[in-house]
Protein chains: 2
Amino acid sequence: MLNTDPYKGVRDFYPEDLFVEKYIFDTWRKTVESFGYVEYDASILEPTELYEAKSGAEIVNEQTYQFIDRGGRSVALRPEMTPTVARMVAARRRDLSFPLRWYSIPNLFRYERPQRGRLREHYQLNVDLFGIPSIEAEIEIISLAYKIMQNFGAKNNDFEIRISSRKLLNAVFNNWYELNPEQSDTLRRLIDKKARMPAEEFQQEAEKISRKAFNFLDFAKDSADYQEAMAFPEIREAKTELDAVIESLKKQGIKNVVLDSHLVRGFDYYTGIIFEIFDIDPKNNRSLFGGGRYDDLLTIFGGDKIPAVGFGMGDVTMENFLESRKLIPPYKSSCELLVVAMDEGSKEFAESVAEKERAAGKNVALNLTYRKIADQIKRAAKQGIAGIIVIGEEEKKSGNYKIKDLK
Amino acid sequence: MLNTDPYKGVRDFYPEDLFVEKYIFDTWRKTVESFGYVEYDASILEPTELYEAKSGAEIVNEQTYQFIDRGGRSVALRPEMTPTVARMVAARRRDLSFPLRWYSIPNLFRYERPQRGRLREHYQLNVDLFGIPSIEAEIEIISLAYKIMQNFGAKNNDFEIRISSRKLLNAVFNNWYELNPEQSDTLRRLIDKKARMPAEEFQQEAEKISRKAFNFLDFAKDSADYQEAMAFPEIREAKTELDAVIESLKKQGIKNVVLDSHLVRGFDYYTGIIFEIFDIDPKNNRSLFGGGRYDDLLTIFGGDKIPAVGFGMGDVTMENFLESRKLIPPYKSSCELLVVAMDEGSKEFAESVAEKERAAGKNVALNLTYRKIADQIKRAAKQGIAGIIVIGEEEKKSGNYKIKDLK
């Protein structure tokens, strides 16, 4: 006898569950399409090597589902969509017209212990803008992320947009801390984990990398160190760019934007502005989603850089957020009407009624089981069907019928 | 330098490709929802054992992607959806209200040599009606399949609905050919392959199973053998049921229904009426999709039988069919309008125009790159965007602007 459980860490979507999922997807689609983004898609199967170059060591080695196919190829279930979209854009870089506004809602796989907000399979809205090297791209992408939160009904005091810059971090690491690229990567990954480790451990680990890195340069706050660091042109330029993005967003009326020097983001491929949407409810204090600029990623396929800014927004974290704010609409079946024939003699008229209501644009189920009417009504109501039409001798004779409201 | 090809046998969906895919999915959704079916979904990852019981040996052993996860579990990428929906229904059989009209559009995986109409990953509409033991279920499901073909613009002389019955086949194999269940399975699988092997080989193989099976009983045609076989009550009953389904469909105006005694369908789990929609174009003579009754499948999870009738309809075969009949609509970008600012000075007015058009329900991209206007127009037209608004000094002063048609 087989077990009816799904595979560990993945979800079954019964109609009521899929209703919520579709609400999230529809809100995503409506918002990003209103900004002129068009949808693309790809397979969940990708050559493993696609992730080895730039995704970050932890993600590829420890967390990716991979296997060898019968032809000896190493195949991965995609853990993220950015390498795929980079591959697709790189493949047609000569034919595509830039700027390119693209989105997708792929399912992604991570092999990790299932926990709240982290499943082995989840869906993620991916939005990317290719071909714009200036901060107009960051501003558009972050405004769009903000607009999505608004369209879900989130208020400014529900969340915060935290912004930083990989360019600025690298400039500080390089010029101020005097780290080599390898040390910079190590320090960046350490900062990424900072919130999840004891302060003392962080200090010890940071000190191992560099004495200077021990005194974290918080460029969100004005300080003597910071003033000194700003003498380096590379640091100054990156900071000016970051300030310009924040200022422009505030000018658009987006007030909940803050500079966060501890924000680094996990993926290796970011090159410029990075951002995260943060849930500021003290009971649910966590990153909801984020993104940033990754101008170099397409060069792994050869050819020149293509400027790119994007973000990914997961369905599970979004659903948790919406639940905690009571922003999920109640279930409604896509089936609007049930037509029921009382007996064999009413069958043909019942069929014609169902056809007529369908022709009028309604979604209509037709039951020709001749079971007890009270029972059929109870079952339809339980399924969330809004109305029922019962067809018997009388309706057949008169040609008239009524819709009974089931709510 | 990384290759930009997708994994072998799967597809990248650029916006133009996804447009076709969405057209197919939308037509599916619209039609099945009009019959009152509601959508469900599940993960592509399933325990391998789910397929071992009933899917058919060839499919599980030779054609399924499977691997062992790090927890030692054998996992499969689902090769078909029916076992999943059976699992989901079985898991909540006490809470669900029957009849249950469910559909899904899952992606399915088969490890086989890619060829026309057969990829390693494809999407398939799955429609199932649970809880109706009588032929009303078959009639509804086959009418719905017919309606889908109509809604794609297919004519009656484009395709044929071929119908048979596993119950009838089994009754003939058992009573007339006097085969045991194992021999019956072997013969059924042989008939399934008949069209793909030389006639002589089929005869030789059939003779190995039974002398009697050598003379194929074609119950689609009246013959002395057939008259004799009809003396067996089991055969007679199954044939009467099959005739009743065909008659009822014809009465509904579905004229292209034929009884096909050679139709057996690949999966082991069918128990009653089976059917296939066949492309009757001589250049493309092939099965488009099919389904049937599978009343026993849910018992693999324990508990009683649940009557079930359903079908699966693939996107690749459907797209080939639509292409051959020129039934695919031309590409239209979901982005309807591009707003372009000529210079920094026009930026704010351009932003307000984009906002205004979005508020009016339009999907609007906004370019603040200040590149050559002629070039931006060319690129927008190439992307399939329908219209462009250029904002410069003049528009800013007057507050008026025009939409330029790009088609």
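Procedures and definitions
Residues numbered from 1 in each chain as written. Chains lettered and ligands numbered in written order. Predicted model: local features only at pLDDT ≥ 70, side-chain atom pairs only at ≥ 80, totals over all residues. Heavy atoms only, no water. Pairing = 2+ DSSP bridges. Helix = DSSP H or I, 4+ residues; strand = E, 2+ residues; numbered from the N terminus. Contact = heavy atoms within 4.5 Å. Axes fitted to C-alpha atoms, helices over the stretch in contact; angles between N-to-C directions. Least-squares fit on C-alpha atoms with pLDDT ≥ 70 in both. Buried area = accessible area lost by both parts, 1.4 Å probe. Salt bridge = Lys/Arg side-chain N within 4 Å of Asp/Glu carboxyl O. Polar contact = N/O pair within 3.5 Å; in protein donor to acceptor, adjacent residues only side chain to side chain. Nonpolar A, V, L, I, M, F, W, Y, C, P; charged D, E, K, R; others polar. Phe/Tyr/Trp six-rings, centres within 6.5 Å; stacked < 30°, edge-to-face > 60°. Buried < 20%, exposed > 50% of the residue type's maximum accessible area, 1.4 Å probe, protein only. Lys NZ or Arg CZ within 6 Å of the ring centre and 35° of its normal.

Colleague: Break down the sheet that holds strand β14 (residues 364-367) of chain A for me, with residues and values.
Modeller: Residue and element names in this part refer to chain A. Pairing is mixed in the open sheet, where four strands are placed in the order β14-β13-β15-β16. The open sheet has two edge strands, β14 and β16 (404-405), and neither has a second partner. Sheet strands in contact with helix α13 (residues 373-382) are β13 (337-341), β14, β15 (387-391) and β16, and its direction is about 165° off that of β13.

Colleague: Quick one: what's the story with the relation of the copies chain A and chain B, residue by residue and with numbers?
Modeller: Once chain A is rotated about the relating axis by 180° and shifted along it by 0.0 Å, it coincides with chain B to within an RMSD of 0.0 Å. These values place the two chain copies in the arrangement generated by a two-fold rotation axis. Judged by C-alpha distance, A:F67 is the residue of chain A that lies nearest the rotation axis, at 3.3 Å.

Colleague: Break down the interface of chain A and chain B for me, with residues and values.
Modeller: Opposite the 93 residues of chain A that make contact, chain B presents 92 residues. In total, about 7,800 Å² of surface goes out of reach between chain A and chain B, with carbon and sulfur atoms giving 52% of it. Counting across the chain A and chain B interface gives eight salt bridges. When the shortest N-O distance is used, the salt bridge between B:D12 and A:R87 registers 2.8 Å. There are 44 residue pairs in polar contact (both at pLDDT 80 or more) connecting chain A and chain B. Take the side of chain A that touches chain B: its biggest share by element is six residues, from helix α1 (residues 15-34) of chain A. Here the side of chain A that touches chain B is composed, by residue class, of 43 nonpolar, 19 polar and 31 charged.

Colleague: Can you lay out the packing of aromatic side chains for me, pointing to particular residues and giving the numbers?
Modeller: Taken as a whole and judged by the stated rule, the model has 33 aromatic pairs over all chains. When the centroid spacing of 5.6 Å and the interplanar angle of 20° are considered together, the rings of A:F173 and A:Y177 count as stacked. Assigned by exposure class, A:F173 and A:Y177 land together as buried. Seen from their ring centres, B:F130 and B:Y294 are 6.4 Å apart, and the 85° between their planes marks the pair as edge-to-face. Residue B:F130 is found in strand β7 (residues 121-130), and its partner B:Y294 is found in the loop between β11 (286-293) and β12 (308-314); the two are separated by 164 residues along the sequence. Residue classification places B:F130 among the buried positions, given a relative accessible area of 0%. Relative accessible area serves as the criterion here: at 1%, B:Y294 is assigned to the buried category. Ring pairing ties together the aromatic residues A:Y65, A:F67, A:Y111, B:Y65, B:F67 and B:Y111, which thus form one cluster. The lysine or arginine in question, A:R162, covers the ring of A:F278, its NZ or CZ lying 3.6 Å from the ring centre.

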